[in-house]
Amino acid sequence: MSEIQRIELPTIFGMKTVNAYLQKGDEVVLIDSGENTDESYAALTAGLKENGLTVADIDRVVITHAHVDHMGMAQRIGAEANARIWVSELVKDWAIKPDEMWSTREKLMLPTLLSYFDPTLSDLIKQGYVDMMGNVKKVWQPISKDQLEVYQSDGQLDINDTRWQCVYMPGHSSSQTTFFNPINGDYISADMLLRITPTPVIEPSRDDMTKRNKGILEMMNSYERLLRFDIKKVYPGHYETFENAHDVINKQVRRIDERTKQCYELIKSGQSSFIDIFNILYEGRFNMPAMIMLIGYLDRLENAGVIMYKERDGFLQIFTA
Ligand SMILES: [Zn+2]
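Keep in mind it's a predicted model, so treat the numbers as computed, not measured.

**Observations regarding the sheet that holds strand β8 (residues 162-168)**
Read from one edge of the open sheet, five strands run β7-β8-β9-β10-β11, paired in mixed fashion. The open sheet has two edge strands, β7 (156-159) and β11 (233-236), and neither has a second partner. Mean inter-strand twist for the sheet, computed between neighbouring axes without regard to direction, equals 25°. The pairing of β8 with strand β9 (residues 177-181) spans four bridges and is antiparallel. Bridged to Y168 within β9 is T177.

**Here we look at the layout of surface pockets**
In this approach the atoms are scanned with a rolling probe the size of a water molecule, which exposes any empty space left behind. Taken as a whole, the largest pocket holds about 1300 Å³ of empty space. Those elements that place two or more of their residues in the lining of the largest pocket are α2 (68-71), α5 (98-115), α6 (122-138), α8 (245-268) and α10 (288-303). It is α6 that provides the largest number of residues to the lining of the largest pocket, a total of eight residues. Along the lines of polarity and charge, the residues of the lining of the largest pocket split into 27 nonpolar, ten polar and seven charged. Both domains that furnish three or more residues to the lining of the largest pocket are identified here as domain 1 (4-95 + 139-249) and domain 2 (259-320). Volume-wise, the second largest pocket comes out at about 290 Å³. In terms of lining residues, the second largest pocket is bounded by 17 residues, among which L90, W94, M101, S174 and R206 are the most central.

**A short note on the coordination of the zinc ion**
Looking at the zinc ion, one finds its protein donor set to be D69 (OD), H70 (NE2), D191 (OD) and H238 (NE2), positioned 2.0 to 2.5 Å from the metal centre. One can describe the site at the zinc ion as irregular: its four donor atoms subtend angles covering 88 to 164° at the metal. The sequence pattern formed by the donor residues of the zinc ion is D-H-x120-D-x46-H. On the criterion of sequence distance, the pair formed by D69 in helix α2 and H238 in the loop between β11 and α8 is long-range, its members being 169 residues apart. The pair D69 / H238 is uniform in exposure class, with both members buried.

**Describing the sheet that holds strand β2 (residues 17-23)**
The six strands are arranged β1-β2-β3-β4-β5-β6 in an open sheet whose pairing can be described as mixed. Each of the sheet's edge strands pairs with one partner strand only, and the pair in question is β1 (4-10) and β6 (148-151). Taking each pair of neighbouring strands and ignoring which way they run, the sheet shows an average axis angle of 25°. Where strand β3 (residues 29-31) and strand β4 (residues 60-62) come together, three bridges link them in parallel fashion. Counterpart to L30 in the pairing with β4 is V61. This element, helix α1 (residues 38-50), spans β1, β2 and β3 of the sheet and lies at about 155° to β1. The sheet contacts of helix α3 (residues 74-81) involve β3, β4 and β5 (84-88), and relative to β5 the element is tilted by about 145°.

**A closer look at the domain arrangement of the chain**
Segmentation of the chain into domains returns domain 1 (4-95 + 139-249) and domain 2 (259-320). Averaged C-alpha coordinates put domain 1 and domain 2 at centres separated by 32 Å. Between domain 1 and domain 2, the contact holds eleven residues from the first and ten residues from the second. Between domain 1 and domain 2, the buried area comes to about 890 Å², and carbon and sulfur atoms account for 74% of it. When the shortest N-O distance is used, the salt bridge between R212 and D299 registers 2.9 Å. A breakdown of the residues in the side of domain 1 that touches domain 2 according to their chemical character gives seven nonpolar, two polar and two charged.

Criteria and cut-off values
- Residues numbered from 1 in each chain as written.
- Predicted model: local features only at pLDDT ≥ 70, side-chain atom pairs only at ≥ 80, totals over all residues.
- Heavy atoms only, no water.
- Pairing = 2+ DSSP bridges.
- Helix = DSSP H or I, 4+ residues; strand = E, 2+ residues; numbered from the N terminus.
- Axes fitted to C-alpha atoms, helices over the stretch in contact; angles between N-to-C directions.
- 1 Å grid on protein atoms, 1.4 Å probe; cavity = no way out; pocket = protein on both sides within 12 Å on 5 of 7 lines; lining within 4 Å.
- Points joined across faces, edges and corners; volume = space filled by probe spheres on them.
- Nonpolar A, V, L, I, M, F, W, Y, C, P; charged D, E, K, R; others polar.
- Domains from an automatic or database assignment.
- Donors = N, O, S within 2.8 Å, 3.2 Å for Na, K, Ca; no water.
- Tetrahedral: all angles 85-135°; square planar, octahedral: opposite > 155°, others 65-115°.
- Buried < 20%, exposed > 50% of the residue type's maximum accessible area, 1.4 Å probe, protein only.
- Contact = heavy atoms within 4.5 Å.
- Buried area = accessible area lost by both parts, 1.4 Å probe.
- Salt bridge = Lys/Arg side-chain N within 4 Å of Asp/Glu carboxyl O.

Okay, structure coming up:
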């Protein structure tokens with residue numbers, strides 16, 4: 001059975017690094033590609049060299065989900081190695097036309113963020129958003145159609161002598177596929193299962209692109225489904241591999257439940273503005289992942305029917321239902 005080698009690549013975003021996984025055999029396969037920067041390319045080259053390989057030896061790149069840190073450099077590798085790039089049916093459009101997909105997503109993302117804040121903070125939020133998007137586009141290269149192959153997000157994927165079960169795991173991203181090997185319990189988890197809790201990013205719902213997806217609800221379902229797999233070893237999208245998958249899942253679910261409850265207590269005690277709740281929960285450490293988590297906690301409370309929103313002074317305020 002071929003070994004899975006982790007190659008850690010730098011990212012320009014908050015996680016600092018992202019993993020590409022190398023599987024050597026008759027075929028040389030890379031799972032996820034990192035971002036399109038020279039630093040990332042150099043780290044990939046060094047990682048391959050340790051395995052006696054060069055970029056040109058890669059036969060196939062498999063992408064887990066349509067986020068820039070996992071697929072930004074796929075085209076560059078594909079072009080240099082003449083490799084096929086495998087994406088699921090849910091990632092295909094993102095691979096070919098990321099700009100178009102982003103513009104649909106942006107129509108929801110920025111207004112969603114702005115709706116929670118006092119209009120006097122709009123410029124600050126917009127600037128943060130524009131900076132982030134500029135970075136995303138800088139390190140994301142579209143993939144040419146004739147290089148693409150499509151796998152099914154709930155199908156199977158054969159890599160050398162391993163038959164991976166594709167396990168669709170929405171939540172962090174609605175385009176996220178993970179890979180489970182039922183023979184030995186290996187699990188390539190993308191960003192579904194990390195040592196730190198993944199964030200449910202803001203994106204259009206798959207059923208109705210004009211509506212926002214409440215990713216946290218899907219994430220909780222995905223955690224629950226994941227507990228049914230007999231996972232022995234996790235190969236996460238970021239940081240080191242680990243073995244205690246069920247402990248990690250239970251701990252993260254517990255923490256999300258705790259934070260959701262804390263949020264509800266604050267609203268019950270009369271806190272009605274997002275920024276005030278945020279500052280209490282996160283002690284004023286303003287950052288995008290934490291903001292997205294808080295939107296998730298509120299989504300859970302709204303979904304449970306215990307809170308409601310009212311527009312006051314030009315933004316959404318939160319009350320018990
Ligand atoms: Zn990631």
